[in-house]
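The chain contents come next:
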Amino acid sequence: KYAPDKKLKFTFGLWTVGNPGRDPFGEPTRQKPDVRQICDILGTAGAYGVNFHDNDLIPIDATPEQAAQIKSEFRKGLKDNGLVVPMATTNLFSDPVFKDGAFTSNNASIRAYAIQKTMRAMDLGAEFGAKIYVFWGGREGAESDATKNPVDAVKRFREAIDFLCEYNIEQKFGYKFAFEAKPNEPRGHMYFAVTGSYLALIPTLAHPEMCGVNPEFAHETMAGLNFVHHVAQALEMGKLFHIDLNDQEMGRFDEDFRFGSTSYKSAFFLVKMLEDYKYNGPRHFDSHAYRQSDMQDVGAFAAGSMRTYMILKEKAARWNADPEIQGLLKVINAQDPISKLTKNYSSGNAKKLLAAPLDRVELAKARLPYEQLDQLTAEILFGVR
Ligand code: GLT
Ligand code: MN
Ligand code: MN
Ligand code: MN
């Protein structure tokens with residue numbers, strides 16, 4: 001009943017199911033699967049696609065022969081499992097060369113290398129049919145503002161993106177760029193800390209129509225913010241090109257938990273919003289199985305991520321169809337023909353509004369049965385309604 005629906009485009013990264021259970025304090029706890037094994041795990045779980053960083057697929061120091069070999073294995077793994085590659089991205093954070101940033105590095109040669117590496121990674125993504133290109137600025141930031149000028153950082157980042165947009169056009173890749181914000185980790189302070197930072201940058205780019213965002217549940221949540229509200233703004237602007245689903249507790253390290261594993265209520269409202277507004281892009285799970293998991297449990301992690309989404313989608317439909325909830329929504333969203341006056345400004349409407357008999361004491365008496373509404377929501381989630 002809750003089998004993953006291909007139309008919802010559930011995807012995983014090579015780096016997510018391929019995560020060997022390493023953390024900053026401990027070595028890997030499981031053997032890193034190769035690309036073939038990853039495709040098989042995802043095919044069995046019923047995923048739609050798989051995404052990659054350039055170096056998830058081809059190690060940074062691979063020879064051309066090795067690269068060709070891996071590509072053909074991957075191609076076969078995709079085909080045998082009916083998987084597609086909707087998104088690609090660049091690893092601009094693992095190698096020591098990026099220890100102080102890529103596009104925003106103080107070193108002009110490193111900035112050029114980061115752009116060159118991205119161009120090559122765009123070529124690679126295009127070879128596999130990717131149409132969305134993600135930019136997560138993992139090392140774009142600072143520990144001390146003595147070390148970098150944050151105004152220059154914005155200018156350098158823009159220069160890189162403007163250049164890469166032109167490359168995208170010239171090569172006819174047809175990519176949409178999706179920027180992914182994060183407030184901290186691995187840097188003490190990361191530039192473009194929240195999705196809204198990128199939404200504000202986009203109109204200043206040379207090709208704003210090509211650029212949108214890839215918000216991640218864990219990232220705004222780490223900062224104690226409401227993720228759903230950030231996604232809402234991107235959605236309303238037509239800029240939600242991609243989304244990273246996972247879970248995270250506030251005030252902790254970068255947990256990358258399975259989607260819906262701890263924040264049931266936020267996950268529910270997120271799914272409800274994506275479904276209500278017919279979000280049509282990939283639903284990417286950017287998360288890792290627990291460090292304790294073996295490969296069989298990694299399969300359960302992948303299947304569980306999609307199953308949870310499907311369950312929450314059903315709960316959202318139930319919420320929308322609930323007569324008591326709908327009745328309460330009518331009460332809450334009080335209608336008044338006077339609101340026509342503020343739809344468009346005219347001096348006539350302004351005059352009428354100024355003269356309108358709006359009695360604040362009376363208005364304050366309107367009922368807001370929010371306790372009732374929230375309890376009904378909780379009961380749907382608890383499975384008793
Ligand atoms: C890394 C990061 C993610 C980004 C990936 C894309 S890499 O796993 O934690 O949030 O989406 O670069
Ligand atoms: Mn993350
Ligand atoms: Mn992470
Ligand atoms: Mn992510």
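Provided above is the structure to which this section pertains.
As a convention, each chain's residues are numbered from 1 in the sequence order in which they are written. Ligands are numbered from 1 and chains lettered from A, in the order in which they are written. Residues qualify for local features only when their pLDDT is at least 70, as the model is predicted, and side-chain atom pairs are given and counted only at 80 or more; totals for whole chains, interfaces and linings, by contrast, use all residues. To get the side-chain values, take all heavy atoms of the structure and skip hydrogens and water.

Caption draft 1: A look at the site of ligand 1. Near residues are defined by distance, with any heavy atom within 4 Å of the molecule or strand qualifying the residue. The immediate surroundings of ligand 1 are formed by W15, H53, F93, W136, E180, E216, H219, D244 and D286. Within the side chain of W15, one N or O atom sits 3.1 Å away from an oxygen atom of ligand 1. Values of accessible area rely on a 1.4 Å probe in the Shrake-Rupley scheme; residue burial ignores everything except the protein chains shown. Here ligand 1 loses 93% of its free accessible area of 310 Å² to cover by the protein chains. In this classification, the charged set is Asp, Glu, Lys and Arg, the nonpolar set is Ala, Val, Leu, Ile, Met, Phe, Trp, Tyr, Cys and Pro, and all remaining amino acids, among them Gly, are polar. Class assignment for the residues of the shell around ligand 1 results in 3 nonpolar, 2 polar and 4 charged. Within 3.5 Å is the distance limit for a polar contact, defined as a pair of N or O atoms, with the added protein rule that one can donate a hydrogen and the other accept it, and that residues adjacent in sequence qualify only through two side-chain atoms.

Caption draft 2: Representation of the coordination of the manganese ion (ligand 2) in the model. The protein atoms that coordinate the manganese ion (ligand 2) are E216 (OE) and H219 (NE2), at distances spanning 2.1 to 2.2 Å. Here a donor is any nitrogen, oxygen or sulfur atom (N, O, S) within 2.8 Å of the metal, with 3.2 Å used for Na, K and Ca; water is not among the atoms considered, so some sites may look incomplete. A separation of 3.0 Å is found between the manganese ion (ligand 2) and the manganese ion (ligand 3). Assigned by exposure class, E216 and H219 land together as buried. The cut-offs for exposure are 20% and 50% of the maximum accessible area for each residue type, with area from a 1.4 Å probe on protein chains only; residues under the lower value are buried, those over the upper are exposed, and the others partly exposed.

Caption draft 3: How the structure looks around the coordination of the manganese ion (ligand 4). The manganese ion (ligand 4) binds to the protein through E180 (OE), E216 (OE), D244 (OD) and D286 (OD); the donor distances cover 1.9 to 2.1 Å. For a four-donor site, all angles between 85 and 135 degrees give tetrahedral; for four or six donors, opposite pairs above 155 degrees with the remaining angles between 65 and 115 give square planar or octahedral; all remaining cases count as irregular. Around the manganese ion (ligand 4), the 6 donor atoms sit at angles spanning 76 to 168°, and that spread fits a shape best called octahedral. The sequence pattern describing where the donors of the manganese ion (ligand 4) fall on their chain is E-x35-E-x27-D-x41-D. Judged by relative accessible area, which is 1%, D244 ranks as buried. By relative accessible area, D286 is classed as buried at 8%.

Caption draft 4: Inspection of the layout of surface pockets at higher detail. Method remark: on a 1 Å grid restricted to protein atoms, a set of points is classed as a cavity if a 1.4 Å probe fits but cannot get out and as a pocket if it is open with protein on both sides within 12 Å along at least five of seven lines; lining residues have an atom within 4 Å of a point. Grid points are joined across faces, edges and corners, and a volume is the space filled by probe spheres set on the points. Each pocket or cavity is described by its volume, and for the second largest pocket that value is around 380 Å³. In terms of lining, the second largest pocket is formed by 17 residues, of which the most central are D54, N55, I58, I60 and R120. In DSSP terms, a helix is any run of H or I states spanning at least four residues, a strand is any run of E spanning at least two, and both are numbered starting from the N terminus. Of all the elements in the fold, those that place two or more residues in the lining of the second largest pocket are helix 3 (54-57), helix 4 (64-81) and helix 5 (108-127). Counting residues per element, the lining of the second largest pocket draws most heavily on helix 5, which supplies 7 residues. Residues belonging to the lining of the second largest pocket are distributed by class as follows: 9 nonpolar, 2 polar and 6 charged.

Caption draft 5: Spotlight on the state of the cysteines. Throughout, a disulfide means two cysteine sulfur atoms within 2.5 Å of one another. Inspection of every chain in the model, using the stated rule, returns 0 disulfides. In this model C211 remains outside any disulfide bridge; the closest cysteine sulfur is found in C165, 3.9 Å from its own.

Caption draft 6: Expanded view of the sheet that holds strand 6 (residues 176-180). The 8 strands lie next to each other as 8-6-4-3-2-1-10-9, forming an open sheet whose pairing is parallel. This sheet does not close on itself; its edge strands, each paired only once, are strand 8 (211-213) and strand 9 (243-245). On average, each strand axis in the sheet is tilted by 30° relative to the strand beside it, whichever way the strands run. For two strands to count as paired, DSSP must find a minimum of two bridges between them. Across 2 bridges, the pairing between strand 2 (residues 49-53) and strand 3 (residues 87-89) is parallel. Bridged to F52 within strand 3 is A88. Note on geometry: axes are C-alpha line fits, over the in-contact stretch for helices, and angles between N-to-C directions span 0 to 180 degrees.

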